[in-house]
Amino acid sequence: MKILISLLILSFYVIFMSISQPMKLFQETEYDVIVTNGFTSNASAPLIIWCTSNDGTDLGGRALQEGEAFSWVAKTGFWRSTLFFCTMKWDQTRRKFEAFETVRDGRRCGNRRTCLWLVKEDGFYFSNDSTDWRKDFPW
């Protein structure tokens, strides 16, 4: 009985969304994701970044010097399950983090759909306007 009620509610939701926002329901939404090396002095050790998605898309790796960035477009669909995670390595320090996760970042990336990361010596900072940075987590 619970399954039947759940299916009925889901059906009404899909019908309502289809009427209120035709075709938008099934469209992909694109977000620009940019990860920048924000170290102040790392001439001897670049920031190594390697990113992949939960669907197996491998964006490859890059060695970023001070001020350089790595960027891509994250596309979300109906199920809103898009996830990109990156492994960062600097000297002997390594950290894996979620660079884009639809539920978390869908709103916080703002109307411009821009998700900016600044990786510094003390951690990973997020912004959607490159002015207001918030530290999300340490190394």
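Before reading on, note that the structure itself is shown above.
Below you will find a few notes about this structure. Bear in mind that the values here come from a model prediction, so they are computed numbers and not experimental data. (Residues numbered from 1 in each chain as written. Predicted model: local features only at pLDDT ≥ 70, side-chain atom pairs only at ≥ 80, totals over all residues. Heavy atoms only, no water.)

1. Comments concerning the nonpolar core
Argument step 1. Judged by nonpolar contacts, the single largest core of 27 residues is most densely connected at Trp72, Met88 and Trp117.
Argument step 2. Counting residues per element, the ones that place at least two in this core are β1 (29–37), β2 (47–53), β4 (69–76), β5 (83–90), β6 (93–101), β7 (114–120) and β8 (123–127).
Argument step 3. A total of four residues in this core trace back to one element, the largest contributor, which is β5.
Argument step 4. In this structure, methionine 88 is in contact with Val35, Leu47, Ile48, Ile49, Thr93, Arg94, Arg95, Phe97, Val119, Phe124 and Trp139, ignoring residues within four places of it in sequence. (Core = buried A, V, L, I, M, F, W, Y, C linked by side-chain atoms within 4.5 Å. Buried < 20%, exposed > 50% of the residue type's maximum accessible area, 1.4 Å probe, protein only. Helix = DSSP H or I, 4+ residues; strand = E, 2+ residues; numbered from the N terminus. Contact = heavy atoms within 4.5 Å.)

2. Quick word on the packing of aromatic side chains
Argument step 1. In this structure the tally under the stated criterion is 13 aromatic pairs.
Argument step 2. Their ring planes at 50 degrees and their centres at 5.4 Å tell us that phenylalanine 70 and tryptophan 72 sit as a pair that is tilted. In this pair, the class of phenylalanine 70 matches that of tryptophan 72, namely buried.
Argument step 3. Centroid distance phenylalanine 97 to phenylalanine 137: 5.7 Å. Interplanar angle 55 degrees. Geometry classified as tilted. Of this pair, phenylalanine 97 sits in strand β6 while phenylalanine 137 sits in strand β9 (residues 134–137); the two residues are 40 residues apart in sequence, bridging distant segments of the chain. Exposure class is identical for phenylalanine 97 and phenylalanine 137. Each is buried.
Argument step 4. Taken together, the aromatic side chains of Phe39, Trp90, Phe97, Trp117, Phe124, Phe126, Phe137 and Trp139 make up a single cluster linked through ring pairs.
Argument step 5. The ring of phenylalanine 126 is capped by arginine 108, whose NZ or CZ atom sits 3.8 Å from the centre of that ring. (Phe/Tyr/Trp six-rings, centres within 6.5 Å; stacked < 30°, edge-to-face > 60°. Lys NZ or Arg CZ within 6 Å of the ring centre and 35° of its normal.)

3. Details of the pairing of β2
Argument step 1. A large share of β2 lies buried, amounting to five of its seven residues.
Argument step 2. Joining the antiparallel neighbours β2 and strand β3 (residues 58–64) is a turn of four residues, in which glycine 56 adopts a positive phi near 95 degrees.
Argument step 3. In this sheet, β5 lies alongside β2 in antiparallel orientation, the contact comprising seven bridges. Along β5, the bridge assignment pairs leucine 47 with tryptophan 90. (Pairing = 2+ DSSP bridges.)

4. Some details on the pairing of β8
Argument step 1. Most of β8 is tucked away, with five of its five residues classed as buried.
Argument step 2. Sheet topology note: the β7/β8 ladder contains five bridges and is antiparallel. Across the sheet, residue leucine 116 finds its bridge partner in β8, namely serine 127.
Argument step 3. Connecting the antiparallel pair β7 and β8 is a turn made up of two residues.
Argument step 4. As paired elements, β8 and β9 share three bridges and run antiparallel to each other. Within β9, the position partnered with phenylalanine 124 by the bridge is phenylalanine 137.
Argument step 5. What sits between the antiparallel neighbours β8 and β9 is a turn of six residues, in which serine 130 has the positive phi angle 55 degrees.

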